[in-house]
Protein chains: 2
Amino acid sequence: MRTVYVNGEYLPENEAKISIFDRGFLMADGVYEVTSVLDGKLIDFDGHAKRLERSLNELEMPHPDVLPDLLEVHRELVRLNDLEEGMIYLQITRGAPDDRDFVFPDPEATKPTVVLFTQSKPGLADNPTAKKGIKIISIEDQRWARRDIKTVQLLYPSMGKMMAKAAGADDAWMVEDGAVTEGTSNNAYIVKGNTIITRHLGNEILHGITRAAVLRFAREAQMQVEERSFTIAEAQEADEAFITSASTFVMPVVDIDGASVGTGAPGPVAARLREIYLEESRKLAI
Amino acid sequence: MRTVYVNGEYLPENEAKISIFDRGFLMADGVYEVTSVLDGKLIDFDGHAKRLERSLNELEMPHPDVLPDLLEVHRELVRLNDLEEGMIYLQITRGAPDDRDFVFPDPEATKPTVVLFTQSKPGLADNPTAKKGIKIISIEDQRWARRDIKTVQLLYPSMGKMMAKAAGADDAWMVEDGAVTEGTSNNAYIVKGNTIITRHLGNEILHGITRAAVLRFAREAQMQVEERSFTIAEAQEADEAFITSASTFVMPVVDIDGASVGTGAPGPVAARLREIYLEESRKLAI
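Scoring rules and cut-offs
Residues numbered from 1 in each chain as written. Chains lettered and ligands numbered in written order. Predicted model: local features only at pLDDT ≥ 70, side-chain atom pairs only at ≥ 80, totals over all residues. Heavy atoms only, no water. Core = buried A, V, L, I, M, F, W, Y, C linked by side-chain atoms within 4.5 Å. Buried < 20%, exposed > 50% of the residue type's maximum accessible area, 1.4 Å probe, protein only. Contact = heavy atoms within 4.5 Å. Pairing = 2+ DSSP bridges. Helix = DSSP H or I, 4+ residues; strand = E, 2+ residues; numbered from the N terminus. Domains from an automatic or database assignment. Buried area = accessible area lost by both parts, 1.4 Å probe. Salt bridge = Lys/Arg side-chain N within 4 Å of Asp/Glu carboxyl O. Polar contact = N/O pair within 3.5 Å; in protein donor to acceptor, adjacent residues only side chain to side chain. Nonpolar A, V, L, I, M, F, W, Y, C, P; charged D, E, K, R; others polar. Least-squares fit on C-alpha atoms with pLDDT ≥ 70 in both. Phe/Tyr/Trp six-rings, centres within 6.5 Å; stacked < 30°, edge-to-face > 60°. Axes fitted to C-alpha atoms, helices over the stretch in contact; angles between N-to-C directions. Parallel < 35°, antiparallel > 145°, perpendicular 65-115°, else oblique. 1 Å grid on protein atoms, 1.4 Å probe; cavity = no way out; pocket = protein on both sides within 12 Å on 5 of 7 lines; lining within 4 Å. Points joined across faces, edges and corners; volume = space filled by probe spheres on them. Expected span 1.5 Å × (residues − 1).

A. Fine view of the nonpolar core. Grouped together as the largest cluster of nonpolar side chains are 88 residues, with contacts concentrated most on A:Ile20, A:Ile196, B:Ile20 and B:Ile196. Dropping the residues within four chain positions of it, B:Ile20 is found in contact with A:Val4, A:Val6, A:Ala16, A:Lys17, A:Ile18, A:Val115, A:Phe117, B:Phe25 and B:Leu26.

Shown next as C-alpha cells:
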C-alpha cells in the first residue's frame, strides 16, 4: 500500500480522493511531471520543477502554496515508500470550484489541487529492453496544438499506445505534416553517422527534460546535434533511432513500421548515450 | 447542498469524490453529456444517450452497467434536487486502475466511473440574454482532431472562454484553415435571407443534439438549410448569426470580432427558432 500526497496530506493510496468538481477531472485543466528516482534519489529534479512552473504560467494557473516545497514532498514520498528505483508522478490542477464552468474559477476562492504518488519500478536503469530495443509504428498526430505545455490531455497518446499494442509494437511516433513530432510519451531521435537528429523545440513537442540533458551530454562527447524535423522514411534509413523520457532514459528503436533500423539491433550511439545519461544523472541526483 | 450520483450512490456533493488514479483525472480519458431540464423534465434525452454511447464506442470504453438505467438516474436526480430548470451533467471515465499507465486497463478489473450532478439555472428558458444577443470573438482552433467525440479535453475551450472574457465578449468561435468550426461549447450558424448555414458534420465539430433538433425544426418551418463551412468575414456580413447548445438552446450572436451582425440586434430567424425549439422540446420532454 503506497502512501501518496493529496493537498498537504500524506494518505494511504486507497483513501486518496479528489472532488468530482475538480477541473482536472471535468476539464483536463491540469499539468503534470514525472521525475525518476535512482538509488533513492531524484533525477533532474530542477528541470522538472522549472518546466512545471512554466506549464502553470502558460495556463495562467495559480501557483499552489506548496510549490517552493515540492522537493521536500518528493523526498518525503521516497522515504515513506522506501522508493529505491522508479518514478514520482506529480499533478497540479486548477482545483475544485463549487460548480462546473468553462470560466476559470476565482483563484482566491479555489485553490489548486496537488497530487503526488510514487511508482516503484525495480530494474528501471537495468531495463533489459534497452538491450534489444523497441518497435514503433507511426500514427497521425491528432493532439491539440500546445504540446509544449505538459497537460493531462493524454487521451490521444494513450490511444496511440493501444494502436501500437494492437500492431504488435511497443510504442508510436506521431507524424504531422509529414514530419515526426514525438513519441506518445517521449522525444524521438535518429542517428546518421556521428550526428544525432531530433525535432527542434516549438509548440509541437514537449520540451523534454531528458532530451535537454541527453543533447548536452552528446555535445560534450563531441557528437554533432541537429535539431530539425525528419520523416518516417528518413528514420527508417537512419543508422540508429531512439527515444528519451524521464522513465525510459535513452531507449533504442530497432523497428519503425515494420522496417528494421540499421542492423535491426540497438546501435552504439544510443547505448553510449544511455550509459552516459545514467552515469551523469546518478552523479547529479539529489 | 446538491445530491449527486457517483458510481451507484446518491451522495451529498461535498462527499462526492473519485480516486486520484481515475483516468478521467490523470489522462482526460472520459466523455460527458449535458442534458437540459425544463419544467422538471429532460430535453432531448434520447439524443444525448445515443451520442454518449457513440462516444464510449469510439474510445473503446467499456459500457458501465448503469448505462441502460441512466434515464432513471437522471429522473432521480431531478427529484432529489427539486430541479425545475437547469442541466444534468453526466461523465463516464475508463475508471481508476491500480496505477497510472498509458495502456488501457483490463476492463474486467477496472470498471468505468460514472458521475452525474444537477445544475439549477432558474430562468434558463427565459434567459434575458436571448433578447439582446451575445458578442463573440474568433480564435484559432487548437483542439485535438476528434471533436466529434465528446471528451473532457476541454482545456482549450475553457481558455477560449477566458480569451473572450478578456476581450469584453461572451464567447469565442474557433477557426481552422480559414473556416469556423464551432463555438467553445456550442455550434455556430449564420443566416442569409431564408437560408441557415452551419458547418457540415465531420470529426472537426461536435454533432450537437440541439443542432440536429434545430435544423429539423428549421426545415419543417420551410427554411433552407445549408450544411457547409463559412468564414468569419462571411459571418460578419450575414443577416443574422446564432449558436445552439443544450444549455443555451438558440442564442443570437450580434457582434463578431467587433463588427455588428445585421442590425446589431437579434434577428427574427434566431428568435423564431428559439421559440420553436423551446416549444417543441417542452412538448417532447420526458
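B. Quick peek at the pairing of strand 2 (residues 9-12) of chain A. Residue and element names in this part refer to chain A. Bridge count for strand 1 (residues 3-6) against strand 2 is four bridges, and the pairing is antiparallel. Looking at strand 2, one finds that Thr3 is bridged to Pro12. From the end of strand 1 to the start of strand 2, which pair antiparallel, there are two residues, and Asn7 there has a positive phi angle of about 45 degrees.

C. Summary view of the domain arrangement of chain A. All names here are of chain A. Along its sequence, chain A is organised into domain 1 (3-120) and domain 2 (129-284). Look at where the C-alpha atoms of domain 1 and domain 2 centre, and you get two points 26 Å apart. Between domain 1 and domain 2 the total buried area reaches about 1900 Å² when both faces are included, carbon and sulfur atoms providing 60% of it. It is Tyr32, Leu38 and Arg51 in domain 1 that bury the most area against domain 2; as a group they hold 31% of the surface buried on that side. The tally of links between domain 1 and domain 2 comes to three salt bridges. Of the charged contacts in the structure, one is a salt bridge between Asp39 and Arg282, with a shortest N-O distance of 2.7 Å. Put simply, domain 1 and domain 2 have nine residue pairs in polar contact (both at pLDDT 80 or more) between them. Every element with two or more residues in the side of domain 1 that touches domain 2 is listed here: strand 4 (30-38), helix 2 (45-58) and strand 6 (86-93). Partitioned by chemical class, the residues of the side of domain 1 that touches domain 2 number nine nonpolar, six polar and six charged.

D. Structural detail: the relation of the copies chain B and chain A. For the match of chain B to chain A, the screw axis carries a shift of 0.0 Å, the RMSD comes to 0.0 Å, and the turn is 180 degrees. Taken together, the rotation angle and the small translation identify this as a two-fold axis.

E. Just the interface of chain B and chain A, in detail. Facing the 54 residues of chain B at the interface are 54 residues of chain A. In total, chain B and chain A occlude about 4600 Å² of area from one another, counting both sides; carbon and sulfur atoms represent 68% of this. Here chain B is connected to chain A by two salt bridges. A salt bridge links B:Asp99 to A:Arg2, with the shortest nitrogen-to-oxygen separation between them at 3.1 Å. Summed over the shared surface of chain B and chain A, the result is 23 residue pairs in polar contact (both at pLDDT 80 or more). At the level of secondary structure, the elements contributing two or more residues to the side of chain B that touches chain A comprise strand 1 (3-6), strand 3 (17-19), helix 1 (23-27), strand 4 (30-38), strand 6 (86-93), strand 7 (113-120) and helix 5 (155-166) of chain B.

F. Looking closely at the packing of aromatic side chains. Taken as a whole, this structure holds 18 aromatic pairs over all chains when the rule is applied. Where A:Tyr32 meets A:Tyr89, the ring centres are 5.6 Å apart and the plane angle is 25 degrees; that geometry is what we call stacked. Highlighted residues: A:Tyr32 in strand 4 and A:Tyr89 in strand 6, separated in sequence by 57 residues. Take A:Tyr32: its relative accessible area is 6%, and that puts it in the buried class. Using a relative accessible area of 0% as the deciding quantity, one classes A:Tyr89 as buried. Ring geometry for A:Phe117 and B:Phe21: centres 4.6 Å apart, planes at 50 degrees, overall tilted.

G. Focus on the packing of helix 6 (residues 209-220) of chain A against helix 8 (residues 268-284) of chain A. All names here are of chain A. At a minimum axis distance of 10 Å, the contact between helix 6 and helix 8 shows a crossing angle of 110 degrees. Viewed along their axes, helix 6 and helix 8 adopt a mutual orientation that is roughly perpendicular. Contacts from Thr210, Ala213, Val214, Phe217 and Ala218 of helix 6 reach helix 8 at Leu273, Ile276, Tyr277 and Glu280. The residue inventory of the contact of helix 6 with helix 8, partitioned by class, reads seven nonpolar, one polar and one charged.

H. Highlighting the side chain of B:Thr181. Residues and elements named next belong to chain B. Relative to the assigned elements, Thr181 resides in strand 10 (residues 179-183). Of the residues examined, Thr181 reaches a relative accessible area of 2% and is grouped as buried. For Thr181, the residues in contact, after removing those within four places along its chain, are Asp141, Arg143, Arg147, Met174, Val175, Glu176, Arg199, Glu204 and Ile205.

I. Examining the sheet that holds strand 1 of chain B more closely. Residue and element names in this part refer to chain B. Strand order in the open sheet made by the six strands is 2-1-7-6-4-5, with antiparallel pairing throughout. Edge positions in the sheet fall to strand 2 (9-12) and strand 5 (41-42), since each has one partner strand and no second. Of the pairings in the sheet, the one linking strand 4 to strand 6 comprises eight bridges and is antiparallel in character. By the bridge assignment for strand 6, Val34 is matched with Tyr89. Docked against the sheet, helix 2 (residues 45-58) engages strand 4, strand 5 and strand 6, running at close to 180 degrees with respect to strand 4. Taken strand by strand, helix 3 (residues 70-80) contacts strand 1, strand 2, strand 4, strand 5, strand 6 and strand 7, and its axis lies near 40 degrees from that of strand 7.

J. A look at unusual backbone geometry. One non-glycine residue with positive phi stands out, namely B:Ala28, at about 55 degrees. By the element assignment, B:Ala28 lies in the loop between helix 1 and strand 4.

K. Just the environment of A:Thr184, in detail. Locating A:Thr184 in the fold gives a position in the loop between strand 10 (179-183) and strand 11 (187-192). On the basis of relative accessibility, which here comes to 5%, the residue A:Thr184 falls in the buried class. Here A:Thr184 is in contact with A:Pro157, A:Gly160, A:Lys161, A:Asp171, A:Ala172, A:Met174 and B:Phe102, once residues within four sequence places are set aside. A polar side-chain atom of A:Thr184 sits 2.6 Å from a polar atom in the side chain of A:Asp171.

L. Structural detail: the sheet that holds strand 4 of chain A. All names here are of chain A. Spatially, six strands are ordered 2-1-7-6-4-5 in an open sheet, and the strand pairing comes out antiparallel. Each end of this open sheet is capped by a strand with a single partner; those strands are strand 2 and strand 5 (41-42). Contacting strand 1, strand 2, strand 4, strand 5, strand 6 and strand 7 (113-120), helix 3 (residues 70-80) crosses the sheet at an angle of about 40 degrees to strand 7.

M. Geometry of empty space enclosed by the protein. Here the structure, examined in full by the defined rule, presents four cavities of 30 Å³ or more. Taken as a whole, the largest cavity holds about 90 Å³ of empty space. Every residue along the wall of the largest cavity is listed here: A:Gln142, A:Arg143, A:Trp144, A:Gln153, A:Tyr156, A:Pro157, B:Arg143, B:Trp144, B:Gln153 and B:Tyr156. Tallied by class, residues from the lining of the largest cavity come to five nonpolar, three polar and two charged. Its volume calculated, the second largest cavity comes out at about 50 Å³.

N. Structural view of helix 5 (residues 155-166) of chain A. Here helix 5 of chain A spans 16 Å end to end across twelve residues, near enough to the 16 Å set by a 1.5 Å rise per residue. For helix 5 of chain A, the elements touching its buried residues are strand 8 (134-140) and strand 9 (171-176) of chain A together with helix 1 of chain B. Backbone geometry just downstream of helix 5 of chain A places A:Gly168 in the positive-phi region, at approximately 75 degrees.

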